[in-house]
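Architecture and fold: a report
Each chain, written out:
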Amino acid sequence: MAKVETKLPTSPSTLVVGFLMLLGSVLGYVFTLVFVNQSQMSTKLRNWRENQASAQSLRTLQHEVVTTKADRLAKETRILCWILTQPKSHYKKAVHVKNTWGKRCDKLIFMSTKNVVTTKADRLAKETRILCWILTQPKSHYKKAVHVKNTWGKRCDKLIFMSTKNDEKLGAVALNTSEGYYNLWGKTKAAFKYVYDHHLDEYDWFLKADDDTYTIMENMRYMLCSYDPKYPIYFGSKFRRFYKEGFLGGGSGYVLSREATRKLVEEAMPNKTKCKAGERGLEDVELGTFMRLLPFDLRF
């Protein structure tokens, strides 16, 4: 039997070519595996995202349907909620009902043995009683004064317009004085005498303002709540003129305690040495003649 001899290529170039062919085959196999795996993973990720999007769309649709129905029922089915409570629970329990689910009642009422007050402004509105009297004139009743009545005047405990012509619709009182800038002192004295005669014991503080003044009554009550209306004191915007102590300007308004109002009418106005007689005079300056003898504070 003849012996078959196999000769392997030994030239360098032949070896390099063979090695490159083998390497190419290996890399091609590896690339094929990677590409297939990536393609499969991409398909799975795409399917997962589509499923998630479908589920989200379904949830959104369900939510929209529920919301729309809730809105419709809120208009069709009107519910008054009345809550049994007691004074000691007003701020421990009842206030949380008001601030949460109670907002969704058409009407919410707390049944207690004491008025339920849920904010500090509400409480002060009950505790700090303010009468607001407004200087005006007949030609300004429906140009200026009516806007006070329709805005911040609603938050006064009592609102009176001091004029020279009665107007029941507006709430204006006819004072027996002359109109005019230089007669404001007489008109102011008449206004203080009116609130003294009719309302002194009903209110704690007496605010004077003009018919072009705007006052934030919640802030006013917050400022006044720390003071005793039985003490003679008044507040306003200070002008350093005419007197060493200055005086409080009438344009921005000023507020007197009940006791200061009483002293003004009972002790100052009948005394010509303390209070100027007649109508002529600048109301805030003349008022300062007497009021500068009282303690006062600059607050607004």
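Residues numbered from 1 in each chain as written. Predicted model: local features only at pLDDT ≥ 70, side-chain atom pairs only at ≥ 80, totals over all residues. Heavy atoms only, no water.

1. As for the overall build of the protein chain
- What the protein chain contains, in helices and strands, is 8 helices and 11 strands.
- For the protein chain, the proportion of contacts with a sequence separation of at least 24, taken over those separated by at least 6, is 72%.
- Within the structure as shown, the protein chain displays about 19,800 Å² of accessible surface, and the carbon and sulfur contribution to it stands at 56%. (Helix = DSSP H or I, 4+ residues; strand = E, 2+ residues; numbered from the N terminus. Contact = heavy atoms within 4.5 Å. Areas by Shrake-Rupley, 256 points an atom, 1.4 Å probe, with all protein chains shown as cover.)

2. A closer look at the packing of helix H3 (residues 120-127) against helix H6 (residues 217-224)
- As a packed pair, H3 and H6 sit with axes 10 Å apart at the nearest point and diverge in direction by 70°. Put simply, H3 runs roughly perpendicular to H6. Read as a crossing pair, H3 and H6 show a hand that is left-handed. From H3, Lys120, Ala121, Leu124 and Ala125 reach across to H6, where they touch Glu218, Arg221 and Tyr222.
- Among the residues making up the contact of H3 with H6, the classes are represented as 4 nonpolar, no polar and 3 charged. (Axes fitted to C-alpha atoms, helices over the stretch in contact; angles between N-to-C directions. Parallel < 35°, antiparallel > 145°, perpendicular 65-115°, else oblique. Left-handed = near helix turned anticlockwise from the far one by under 90°. Nonpolar A, V, L, I, M, F, W, Y, C, P; charged D, E, K, R; others polar.)

3. As for the pairing of strand S6 (residues 205-210)
- Taking burial as the measure, the 6 residues of S6 include 6 buried ones, the bulk of the element.
- Residues of S6 alternate between two faces, with Trp205, Leu207 and Ala209 on one and Phe206, Lys208 and Asp210 on the opposite face, all of them buried.
- In this sheet, S6 lies alongside strand S3 (residues 130-135) in parallel orientation, the contact comprising 6 bridges. Counted as the bridge partner of tryptophan 133 is lysine 208 from S6.
- Direction of pairing for S6 relative to strand S10 (residues 254-257): antiparallel, over a ladder of 4 bridges. (Buried < 20%, exposed > 50% of the residue type's maximum accessible area, 1.4 Å probe, protein only. Pairing = 2+ DSSP bridges.)

4. Brief notes about the nonpolar core
- One finds Ile130, Trp152, Leu207, Met217, Met220 and Leu224 to be the most contacted residues of the largest nonpolar core, which totals 21 residues.
- Within the residue set of this core, elements represented by two or more residues are S3, helix H4 (141-150), S6 and H6.
- A total of 4 residues in this core trace back to one element, the largest contributor, which is H6.
- Once residues lying within four places of it in the same chain are set aside, the contact partners of isoleucine 130 are Cys156, Asp157, Lys158, Tyr203, Trp205, Leu207, Met217, Met220, Arg221 and Leu224.
- One finds Met162, Ala191, Val195 and Tyr234 within the second-largest nonpolar core, a separate group that totals 20 residues. (Core = buried A, V, L, I, M, F, W, Y, C linked by side-chain atoms within 4.5 Å.)

5. Looking at the state of the cysteines
- Inspection of the entire model under this criterion finds 2 disulfides.
- For cysteine 81, the disulfide goes to cysteine 105, at an S-S distance of 2.1 Å. Its S-S torsion of approximately -95° makes the covalent link between cysteine 81 and cysteine 105 left-handed. Taken together, the positions of cysteine 81 in strand S1 (residues 80-84) and cysteine 105 in the loop between helix H2 (90-99) and strand S2 (107-111) put the pair 24 residues apart, joining distant regions of the chain. Per residue, the accessibility class of cysteine 81 equals that of cysteine 105, and both read buried.
- With its disulfide-bonded cysteines labelled consecutively along the sequence, the protein chain is connected as 1-2, 3-4. (Disulfide = S-S within 2.5 Å.)

6. Examining a nonpolar patch on the surface
- The grouping of Phe19, Leu20, Leu23 and Leu27 at the surface amounts to a nonpolar patch, some 380 Å² of accessible area in total.
- Topologically, leucine 20 is positioned in helix H1 (residues 12-76).
- Judged by its relative accessible area of 51%, leucine 20 falls in the exposed class. (Patch = residues over 30% accessible without salt bridge, like charges linked within 9 Å, V, L, I, M, F, W, Y side chains within 5 Å. Salt bridge = Lys/Arg side-chain N within 4 Å of Asp/Glu carboxyl O.)

7. Points about the pairing of S3
- Across the 6 residues that make up S3, a large majority, 6, are buried.
- Neither face of S3 is open: one carries Ile130, Cys132 and Ile134, the other Leu131, Trp133 and Leu135, and all of them are buried.
- Relative to strand S4 (residues 158-163), S3 runs parallel, the two sharing 5 bridges. Note on S4: the bridge partner recorded for tryptophan 133 is isoleucine 160.
- Where the polypeptide runs from S3 across H4 and back to S4, its parallel neighbour, the crossover connection is right-handed. (Right-handed = clockwise from strand over helix to strand, strands pointing away.)

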